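An overview of the molecular structure
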Amino acid sequence: MAATARHRRLILSCELLVALAVVVLDPGRHFFPWAIAVVLVGLALAIAAVNRRQAALVLESEPPAFGTPVNPGPVFLFGAYVPIMGSNVGTSLRNVAERDELWQLDLVVVVLCAVALGLLIRATWVGQDFQLRRDGVVHRTAVGSLVVPWEAFALDQPAYPGGKDGQVAFTYRRPELVRRRGLPRGWELRTVTGVDVWFLSRVIHHYVTHPEHRAAIGTEGEYRRLRESLELTPEPR
């Protein structure tokens, strides 16, 4: 899992080459014999990766921040999507070129596959970007972003696990400071992969109620102090 997350861009490039090969080399207009196995394995690995959550953060330098570990789920999901997308797009492109019956529907299929492909590429290449910075929390996804200054959070319970597993809810005392871009505009329940949301909620609460420590966010010393203050054991090196 860790190696997949670390080399996700190389793996994504290889998967794109495989997708192109499926589009070009699928003359029978059906899945290759191995396609079903690839889909099932990819989905199983994606589900396992999404459910893999760590009580840990990673240090980021530009800008200084604590980020959540990159989750390899989108890499496996993209791998599962490759044979389906490649075969469907290849068949639909041929139907459009030959002006077969209902070729307009095939054109719609191509456009929808392209949109889904673009979202998956972005999610895989960039990774989910959830950062705790010195000025607040930033959460970027493939379709939008949320920026919450520390001053905007409620003091008593700024963040807590909510909804499905892997989701964290924010509460505000100054919602006018919150900045949103993209979609969905009013969504306050955030899905965060790669990190235990109970742990993340405790970290957010710590920095909301201890502003004196915010200036050191992103440093190794502050991360050690944070784990000690939360009574967590040091991470193995």
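First things first, this report covers the structure right here in the doc. (Residues numbered from 1 in each chain as written. Predicted model: local features only at pLDDT ≥ 70, side-chain atom pairs only at ≥ 80, totals over all residues. Heavy atoms only, no water.)

**A few points about the overall build of the protein chain**
- Broken down by element type, the protein chain carries 7 helices and 9 strands.
- Taking all 237 residues of the protein chain together, 43% fall into the buried category.
- In the protein chain, the share of contacts with a sequence separation of at least 24, taken over all contacts with a separation of at least 6, comes to 65%.
- Of the roughly 12,700 Å² of accessible surface on the protein chain, a fraction of 64% belongs to carbon and sulfur atoms. (Helix = DSSP H or I, 4+ residues; strand = E, 2+ residues; numbered from the N terminus. Buried < 20%, exposed > 50% of the residue type's maximum accessible area, 1.4 Å probe, protein only. Contact = heavy atoms within 4.5 Å. Areas by Shrake-Rupley, 256 points an atom, 1.4 Å probe, with all protein chains shown as cover.)

**A word on the environment of Val108**
- Here Val108 lies in helix α5 (residues 103-126).
- Residue classification places Val108 among the partly exposed positions, given a relative accessible area of 43%.
- Distance from Val108 to Ser92, taken between C-alpha atoms, is 9.0 Å for residues 16 residues apart in sequence.

**Remarks on the pattern of salt bridges**
- One pass over the full model with this rule turns up 4 salt bridges.
- Arg224 serves as the salt-bridge partner of Glu220, at 3.5 Å between the closest nitrogen and oxygen. Of this pair, Glu220 and Arg224 both sit in helix α7 (residues 220-229), 4 residues apart, which is roughly one turn of that helix.
- For Glu220, a relative accessible area of 40% corresponds to the partly exposed category. (Salt bridge = Lys/Arg side-chain N within 4 Å of Asp/Glu carboxyl O.)

**Section: the nonpolar core**
- In this structure, Leu132, Trp150, Phe153, Phe170 and Ile204 are the most contacted members of the largest nonpolar core, which totals 29 residues.
- Counting only elements with at least two residues in this core, the list comes to β3 (129-133), β5 (144-149), β7 (167-170), α6 (197-209) and α7.
- With 7 residues, α6 is the single largest residue contributor to this core.
- Beyond its immediate stretch of four places on either side in the chain, Trp150 contacts Leu132, Arg133, Arg134, Asp135, Gly136, Val137, Ile204, Tyr207, Val208, Arg214 and Ile217.
- Residues Tyr81, Val82, Val89 and Leu120 belong to the second largest nonpolar core, which totals 8 residues. (Core = buried A, V, L, I, M, F, W, Y, C linked by side-chain atoms within 4.5 Å.)

**Description of the sheet that holds strand β9 (residues 189-191)**
- A sheet is described by the order of its strands in space; here 3 strands give the open sequence β6-β7-β9, paired in antiparallel fashion. Every other strand in the sheet has two partners, leaving β6 (159-161) and β9 as the edge strands with one partner each. Each adjacent strand pair in this sheet contributes to an overall mean axis angle of 30°, direction not counted.
- Of the strand pairs in this sheet, β6 and β7 are connected by 3 bridges, and their pairing is antiparallel. Pairing of Tyr160 across the sheet is with Ala169, part of β7.
- Packing against the sheet, α6 makes contact with β6 and β7, and its axis sits at approximately 170° to β6. (Pairing = 2+ DSSP bridges. Axes fitted to C-alpha atoms, helices over the stretch in contact; angles between N-to-C directions.)

**Concerning the pairing of β7**
- Residues Gln167 and Ala169 of β7 are buried on one face, and the alternating residues Val168 and Phe170, pointing to the opposite face, are buried as well.
- Bridge count for β7 against β9 is 3 bridges, and the pairing is antiparallel. Looking across to β9, one finds that Gln167 is bridged to Thr191.

**A word on the packing of aromatic side chains**
- In the structure shown here, the tally under the stated rule is 5 aromatic pairs.
- Centroid distance Trp150 to Tyr207: 5.9 Å. Interplanar angle 45°. Geometry classified as tilted. Of this pair, Trp150 sits in the loop between β5 and β6 while Tyr207 is found in helix α6, placing the two residues 57 residues apart along the sequence. Summarising the burial analysis for this pair, Trp150 and Tyr207 share the class buried.
- Judged by centre distance (6.1 Å) and plane angle (45°), the rings of Phe153 and Tyr172 are tilted. On the criterion of sequence distance, the pair formed by Phe153 in the loop between β5 and β6 and Tyr172 in the loop between β7 and β8 (179-182) is long-range, its members being 19 residues apart. Each member of the pair, Phe153 as well as Tyr172, is classed as buried. (Phe/Tyr/Trp six-rings, centres within 6.5 Å; stacked < 30°, edge-to-face > 60°.)

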